[in-house]
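# What the coordinates show
Listed below, chain by chain, are the residues.
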Amino acid sequence: MLIKRFAAVTLAAATLGVLAVGSAGAADTSAPKKRVEVLELKVENLQYESIDLGAAGPSQGDMNAFSGTTSKDGRVVGLGGGTCEVVRVEGDRQTSQCVITAKLEKGSLTMQALWERGAPELEMAITGGTGAYKGASGTAYYWDIATPDERIRAEITR
């Protein structure tokens, strides 16, 4: 009986403690609100190099390096570039670790993700930035990769 009562009191105290912490966080308005900036840009690929490392043909370690510009309403607003390194080969499927940096008018953004070769879309984590984008996070979406219609939508949280 004493053990049951102790367990009930302990559970009640723990529940009140969790509720107190939860309500204290909800009432705290001193934390700055995060702002989301959305950039929708067209991508023009200018340079591309495929580097076959290791065994001939598709193999782990092969790399693609690329660079290009981004534009908005026909005006160039940035320069970007990156690499995708093959990290897994399974039959005809290749998965790469991609890292991209985009230099824009207000600063730079860095992004990374895994990508399956040939996929027309890519969702990348925004991992940081410089200038106005210092401390940035969020998600960048790429569509129509490696085509004349390639575009990006970056949802930047800071």
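So, here is what we can say about the structure in this document. Residue positions are given per chain, counted from 1 along the sequence in the order it is written. Local features in this predicted model are restricted to residues whose pLDDT is 70 or higher, and side-chain atom pairs enter the listing and the counts only when it is 80 or higher, whereas totals over whole chains, interfaces and linings include all residues. Only heavy atoms go into the side-chain values, all of them from the structure, while hydrogens and water stay out.

Put simply, DSSP H or I for four residues or longer makes a helix, DSSP E for two residues or longer makes a strand, and each gets a number counted from the N terminus. On a plain count of helices and strands, the protein comes out with one helix and eight strands. Counted from the first residue to the last, the protein has its helices and strands arranged as α-β-β-β-β-β-β-β-β. Pairs at least 24 apart in sequence give 35% of the contacts found in the protein among residues at least 6 apart. In this analysis, two residues are considered to be in contact whenever any of their non-hydrogen atoms come within 4.5 Å of each other.

Positionally, leucine 41 belongs in strand β1 (residues 36–51). Owing to a relative accessible area of 10%, leucine 41 belongs among the buried residues under this scheme. Sequence-wise, leucine 41 and tyrosine 142 are 101 residues apart; in three dimensions their C-alpha atoms are separated by 9.7 Å. Throughout, exposure labels follow a simple rule: accessible area from a 1.4 Å probe, protein chains only, divided by the maximum for the residue type, with under 20% read as buried, over 50% as exposed, and the rest as partly exposed.

Attention now moves to the pairing of strand β2 (residues 63–72). As paired strands, β1 and β2 are joined by nine bridges and run antiparallel to one another. Bridge assignment links glutamate 49 to a residue of β2, and that residue is alanine 65. Paired strands, in this sense, are two strands between which DSSP finds at least two bridges. Bridge count for β2 against strand β3 (residues 75–90) is 10 bridges, and the pairing is antiparallel. Bridge pairing in β3 links lysine 72 to arginine 75.

This brings us to the layout of surface pockets. Both site types are read off a 1 Å grid over the protein atoms alone. A 1.4 Å probe that fits but cannot get out defines a cavity, while an open set with protein on both sides within 12 Å along at least five of seven lines defines a pocket; lining residues have an atom within 4 Å of a point. Grid points are joined across faces, edges and corners, and a volume is the space filled by probe spheres set on the points. In this model, the largest pocket occupies a volume close to 590 Å³. Around the largest pocket, the lining comprises 31 residues; the ones closest to its centre are Asn45, Phe66, Ile100, Ile145 and Glu150. Looking at the lining of the largest pocket, the elements that each hand over two or more residues are β1, β2, β3, β4 (93–104), β5 (107–116) and β8 (151–157). A class-by-class count of the residues in the lining of the largest pocket yields 20 nonpolar, nine polar and two charged. The nonpolar class holds Ala, Val, Leu, Ile, Met, Phe, Trp, Tyr, Cys and Pro. Asp, Glu, Lys and Arg form the charged class, and all remaining residues, Gly among them, are polar.

Turning next to the pairing of β8. The pairing of β1 with β8 spans seven bridges and is classified as antiparallel. Across the sheet, residue leucine 41 finds its bridge partner in β8, namely isoleucine 152. Here seven bridges tie strand β7 (residues 137–143) to β8, and the two strands are oriented antiparallel to one another. Across the sheet, residue serine 137 finds its bridge partner in β8, namely threonine 157.

A few words now on the pattern of salt bridges. Think of a salt bridge as a Lys or Arg side-chain nitrogen and an Asp or Glu carboxyl oxygen that are within 4 Å of each other. For the coordinates displayed, the defined rule picks out eight salt bridges. Salt-bridge contacts for lysine 106 lead to glutamate 37; the nearest nitrogen and oxygen are separated by 3.1 Å. Taken together, the residues lysine 106 in the loop between β4 and β5 and glutamate 37 in strand β1 connect sequence positions 69 residues apart. Residues glutamate 90 and arginine 88 are paired through a salt bridge, measuring 3.1 Å at the closest nitrogen-oxygen approach. A relative accessible area of 44% means that glutamate 90 is categorised as partly exposed.

Right, let's talk about the packing of aromatic side chains for a bit. Aromatic rings from Phe, Tyr and Trp, with only the six-membered ring used for Trp, were paired whenever their centres fell within 6.5 Å, and each pair was classed as stacked if the ring planes differed by under 30 degrees, edge-to-face if by over 60, and tilted otherwise. Counted according to the given criterion, the structure contains one aromatic pair. Their ring planes at 20 degrees and their centres at 6.1 Å tell us that tyrosine 141 and tryptophan 143 sit as a pair that is stacked.

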